[in-house]
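The chain contents come next:
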Amino acid sequence: MDAMTLKDIAQVKDPLERARALSRLMAEQQDLLAEAAELRRAALAEARESGHPAEPDDGAAGPTSRAARVVVRRALPTEPAVRASASLFLAEAERQGIEAGRRMLYVGPEPAADHVAACLRVEPGAEVIARRKMMTANGVPVRIATSYFRADLFGGTRLAEPGFVRPSLQSALVALGHAFGHAEETLTARPPTPFEHRTLELDPGEWIVQVLRAGYSTGGTPVHVLETICAATRHVFPIGQVSGHDEF
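The structure presented is a predicted model; accordingly, all values stated were derived computationally and were not measured.

Caption draft 1: Fine view of the overall build of the protein chain. When you go through the protein chain residue by residue, the secondary structure sums to nine helices and eight strands. Residues counted as buried form 39% of the 248 residues belonging to the protein chain. Partitioning the intrachain contacts of the protein chain with sequence separation of at least 6 by distance along the chain shows that 61% fall at a separation of at least 24. A total of about 13700 Å² of accessible surface is found on the protein chain, and carbon and sulfur atoms cover 56% of it.

This is the structure we're talking about:
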């Protein structure tokens, strides 16, 4: 990381602009680290093919051998008690006896992709607020979860600020005057993007499962879109049905 860049950003007078600049820098560095990890795995594979089976003892061995043994659950639909917790993933992992971790990758404005724009009812490419984080299970990357919000509704609120929202995202939405009405959730299996492949440390040919959940207020306003990118071989998706509304 360029120390002069950090020094320059630290001198920005507007605190929100300073925070946005730091978020962009953190995201850039995350991409660099993910690319470095990918190149490192390729170098080790080349070394093994050349007759050097031992990895260098640098304390940075990747989780490739562990990844195949990690399986986490992602219930559909999510139980309301879990959805209302400080973290959906941490609450789910605790039930499964998994050592869970999460870290923020990016918070700030970005253009809305087509599927996000459709859920938020804005034009494709319109600026929205993104809150992107990565989840790990027993040290293995398993999910990239990104919350999207309309900039006209949430710009300038704490949802646009760096860091995790305390005590929870749900409580912040309620505090801003939004009452939950209904949600629509879809699953799509597809090949990963280069960013998803690097960040989740996927094996060659491994797919992802995209879970897209759009939440609307009682008045029908699109309030929150959550896109969860799941490493396909590291997940199962239990699907529940409301009692009394089904048949054998």
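Anyway, onward from the coordinates.
Caption draft 2: Seen up close, the sheet that holds strand S4 (residues 140-150). Judged by pairing direction, the sheet is antiparallel, and its six strands sit side by side in the order S2-S3-S4-S7-S6-S5 without closing on themselves. With partners counted over all chains shown, the strands left at the sheet margins are strand S2 (100-111) and strand S5 (180-190), one partner each. Pairs of neighbouring strands in the sheet enclose a mean axial angle of 15°, with direction left out of account. Where strand S6 (residues 208-217) lies against strand S7 (residues 222-231), nine bridges are found, and the strand directions are antiparallel. Within the sheet, the bridge partner assigned to Arg213 lies in S7 and is Leu226. Together, S2, strand S3 (127-137) and S4 form the strand contacts of helix H5 (residues 88-96), whose direction differs from that of S2 by roughly 160°.

Caption draft 3: Quick look at H5. All of the buried residues along H5 are Leu88, Phe89, Ala91, Glu92 and Ala93. Just beyond H5, the residue with positive phi is Gly97, at close to 70°.

Caption draft 4: Just the pattern of salt bridges, in detail. In the structure shown here, the tally under the stated rule is four salt bridges. Residues Glu110 and Arg132 are paired through a salt bridge, measuring 2.8 Å at the closest nitrogen-oxygen approach. In this pair, Glu110 is assigned in strand S2 and Arg132 in strand S3, connecting sequence segments 22 residues apart. Assessed through its relative accessible area of 13%, Arg132 is described here as buried. A salt bridge links Asp152 to Arg150; the nearest nitrogen and oxygen atoms lie 2.8 Å apart.

Caption draft 5: A look at the side chain of His178. Mapped onto the fold, His178 is located in the loop between helix H8 (169-175) and S5. His178 gets classed as buried once you look at its relative accessible area, which sits at 18%.

Caption draft 6: Fine view of the side chain of Glu110. Take Glu110: its relative accessible area is 18%, and that puts it in the buried class. At a separation of 2.8 Å, a polar atom in the side chain of Glu110 contacts the side chain of Arg132. In this view, Glu110 contacts Ala126, Glu127, Val128, Ala130, Arg132 and Tyr148; residues no more than four positions away in its chain are not counted.

Caption draft 7: Geometry of the packing of aromatic side chains. Per the counting criterion, the structure on display carries one aromatic pair. Centre to centre, the rings of Phe149 and Phe154 are 5.4 Å apart; their planes meet at 65°, and the pair counts as edge-to-face. Look at Phe154 and you get buried, because its relative accessible area is 0%. Over the face of the ring belonging to Phe164 we find Arg102, whose NZ or CZ atom lies 4.0 Å from the ring centre.

Caption draft 8: Representation of unusual backbone geometry within the structure. Across the junction of Arg166 and Pro167, the peptide omega takes the value -5°, indicating a cis bond. Relative to the helices and strands, Pro167 resides in the loop between helix H7 (151-154) and H8. Phi at Asn138 takes a positive value of approximately 55°, unusual for a residue other than glycine. You can see Asn138 is positioned in the loop between S3 and S4. You will see that Glu201, though not glycine, has its phi angle at about 50°, which is positive.

Thresholds, definitions, all that
- Residues numbered from 1 in each chain as written.
- Predicted model: local features only at pLDDT ≥ 70, side-chain atom pairs only at ≥ 80, totals over all residues.
- Heavy atoms only, no water.
- Helix = DSSP H or I, 4+ residues; strand = E, 2+ residues; numbered from the N terminus.
- Buried < 20%, exposed > 50% of the residue type's maximum accessible area, 1.4 Å probe, protein only.
- Contact = heavy atoms within 4.5 Å.
- Areas by Shrake-Rupley, 256 points an atom, 1.4 Å probe, with all protein chains shown as cover.
- Pairing = 2+ DSSP bridges.
- Axes fitted to C-alpha atoms, helices over the stretch in contact; angles between N-to-C directions.
- Salt bridge = Lys/Arg side-chain N within 4 Å of Asp/Glu carboxyl O.
- Polar contact = N/O pair within 3.5 Å; in protein donor to acceptor, adjacent residues only side chain to side chain.
- Phe/Tyr/Trp six-rings, centres within 6.5 Å; stacked < 30°, edge-to-face > 60°.
- Lys NZ or Arg CZ within 6 Å of the ring centre and 35° of its normal.

Just geometry here; none of it tells us what the structure is for.
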